[in-house]
Amino acid sequence: MGKMASALGSVAALATEPGEDAFRKLFRFYRQSRPGTADLGGVIDFSAAHAARGTGSGAHKVVRSQLSVSSVSDHDAHRAGLQPISKWQAYGLEGYPGFIFIPNPFLPGYQWHWVKQCLKLYSQKPNVCNLDKHMTKEETQDLWEQSKELLRHKEVNQRRRRSLLEKLRWVTLGYHYNWDSKKYSADHYTPFPSDLAFLSEQVAAACGFQSFRAEAGILNYYRLDSTLGIHVDRSELDHSKPLLSFSFGQSAVFLLGGLTRDEAPTAMFMHSGDIMVMSGFSRLLNHAVPKVLPSSEGDSLPCCLESPPPAVLVRDSVVECCSVEDWQVCASYLKTARVNMTIRQVLATDQDFPSEPTEENKRGVATEGFCHLDDETSQVKRARLNLDS
């Protein structure tokens, strides 16, 4: 208790210093935090037992969230690799209506599929990634094949050439986000992955959004020195639908703020398998990821990733078996990384994109923007840009 009080006192003191907005101060505080110290004592851990008792950390108390259990059959949940909705634990925070946090609802072993898809399938053309700015389509045609041998024989502390997958920072799916104009458009679209659409639609339905359509995805690939700058996801034309976030791999600190950066954010851990839903009032709040946390046991995986999926999958499952060889590559990658998928519905029913000049649409689709991932190695050059996104 003393450790948490000390951490909260430090954060509160930092947040009230003049000359810098409250969100940016706390972003800097957590970016520089040291795991295993009091720095992280005020971070909410929804997977801990105290969350179920309705206690809280800081100014916002953890509360239970109600799910729409009857909206998703047990069979459909299983098809996506999820436990029955009745077994999920869901939480919210007082002061953040529409925010739902679901600690790892995946069945044992089923996260393997989604990790493999992010690294092996979703990174392939015709999807768009940050490497497209610097390389030809031929050079980025199959990042998995070009990277798997390097990753399979990777030793964490050994100096070596980084694979292309380790240089990957973001991939866009469906309607491809334009980092320059901060817009989506009808002429920059590729088919959205059917398995990910099914997963997203089951989660949205469980949270009360039965008509949700997965139309766009931004996948972020974090190294241990990566951050995600302060931003608001407002580019979608329909804000009445939720933003879904799926995390895999190493844990991270997530900051959820207010409508302005003068409001101090609430810090929470995101662990492998955790799902966040931002809807209603919380849909347009400032948020960021200032810190990815290395495993406390060195180069190890979260325990929820240790068990393989069953050899025989449920009938008509959208999840595929993951081979031992493929998982060796994924596991090697995740020992020093995390992957996050954010899924959005861009258009309301029967809504069309407004007319845009053709040339404006074409510029910068693969150009890096202001609210994507950044690394400490380039923060001296771009930290201000990252924090002012």
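Before reading on, note that the structure itself is shown above.
For clarity, every value in this text was computed on a predicted model and none was experimentally measured.

Parameters and conventions
- Residues numbered from 1 in each chain as written.
- Predicted model: local features only at pLDDT ≥ 70, side-chain atom pairs only at ≥ 80, totals over all residues.
- Heavy atoms only, no water.
- Helix = DSSP H or I, 4+ residues; strand = E, 2+ residues; numbered from the N terminus.
- Buried < 20%, exposed > 50% of the residue type's maximum accessible area, 1.4 Å probe, protein only.
- Contact = heavy atoms within 4.5 Å.
- Areas by Shrake-Rupley, 256 points an atom, 1.4 Å probe, with all protein chains shown as cover.
- Salt bridge = Lys/Arg side-chain N within 4 Å of Asp/Glu carboxyl O.
- Expected span 1.5 Å × (residues − 1).
- Phe/Tyr/Trp six-rings, centres within 6.5 Å; stacked < 30°, edge-to-face > 60°.
- Polar contact = N/O pair within 3.5 Å; in protein donor to acceptor, adjacent residues only side chain to side chain.

> Before we move on, could you go through the overall build of the protein chain and cite the residues and values that matter?
Broken down by element type, the protein chain carries ten helices and 15 strands. When burial is assessed residue by residue, the protein chain has 58% of its 389 residues classed as buried. Taking the contacts inside the protein chain whose residues are at least 6 apart along the sequence as the reference set, 78% of them involve residues at least 24 apart. A total accessible area of about 16,500 Å² is found for the protein chain, and carbon and sulfur atoms account for 51% of it.

> Go over the pattern of salt bridges, please, and point to the residues and values.
Pairing between side chains becomes possible if they bear opposite charge and their charged atoms approach one another. Taken as a whole and assessed by the stated rule, the structure comprises 18 salt bridges. In this structure, the salt-bridge partner of Arg152 is Glu149, at a minimum N-O distance of 2.7 Å. Remark: Glu149 and Arg152 occur in helix α5 (residues 143–152); sequence separation between them is three residues, near one turn of the helix. Residue Arg152 is classed as partly exposed on the basis of its relative accessible area, which comes to 27%. Where Arg223 meets Glu166, a salt bridge forms, and the shortest distance between an N and an O atom there is 3.7 Å. Highlighted residues: Arg223 in strand β7 (residues 216–223) and Glu166 in helix α6 (residues 164–167), separated in sequence by 57 residues. Judged by its relative accessible area of 10%, Arg223 falls in the buried class. You can call Glu166 buried: its relative accessible area is 3%. Here the salt bridges share partners, and the residues they tie into one network are Asp76, Arg79, Arg315 and Asp316.

> Outline helix α7 (residues 194–206), supporting the account with residue identities and numerical values.
Between the first and last C-alpha of α7 there are 18 Å, a value that for 13 residues agrees with the 18 Å anticipated at 1.5 Å per step. Most of α7 sits out of view: eleven of its 13 residues are buried. Taken as a whole, α7 has its buried residues at Asp195, Leu196, Ala197, Phe198, Leu199, Ser200, Gln202, Val203, Ala204, Ala205 and Ala206. Where α7 is buried, its residues touch α3 (74–79), α4 (111–121), β6 (170–174), β9 (243–249), β12 (275–278) and β14 (337–344).

> I'd like a rundown of the packing of aromatic side chains, residues and numbers included.
Throughout the structure, instances matching the rule amount to ten aromatic pairs. With a centroid separation of 4.3 Å and an interplanar angle of 10°, the aromatic rings of Trp112 and Trp327 are classed as stacked. Taken as a pair, Trp112 in helix α4 and Trp327 in helix α8 (residues 324–334) lie far apart in primary sequence, 215 residues in all. Side by side, Trp112 and Trp327 carry an identical accessibility label, which is buried. With a centroid separation of 4.9 Å and 50° between ring planes, the pair formed by Trp170 and Trp179 is classed as tilted. Considered together, Trp170 and Trp179 belong to a single accessibility category, that of buried residues. Here the aromatic cluster, defined as three or more aromatic residues joined through ring pairs, consists of Trp170, Tyr177, Trp179 and Tyr184.

> Tell me about helix α2 (residues 22–31), residues and numbers included.
Most of α2 is tucked away, with nine of its ten residues classed as buried. The N-cap residue of α2 is Asp21: its side-chain oxygen and the backbone nitrogen of Phe23 are 3.1 Å apart.

> Residues and numbers for unusual backbone geometry, please.
The residue after Lys125, namely Pro126, is reached through a cis peptide bond having omega 15°. When you line up the elements, Pro126 lands in the loop between α4 and β5 (128–129). In this model, Lys182 sits at a positive phi of 60°, which is unusual for a non-glycine residue. Along the chain, Lys182 turns up in the loop between β6 and α7. One non-glycine residue, Asp316, lies in positive phi territory at about 50°. Within the secondary structure layout, Asp316 lies in the loop between β13 (287–292) and α8. Looking at Asp316, the relative accessible area reads 37%, which means it is partly exposed.

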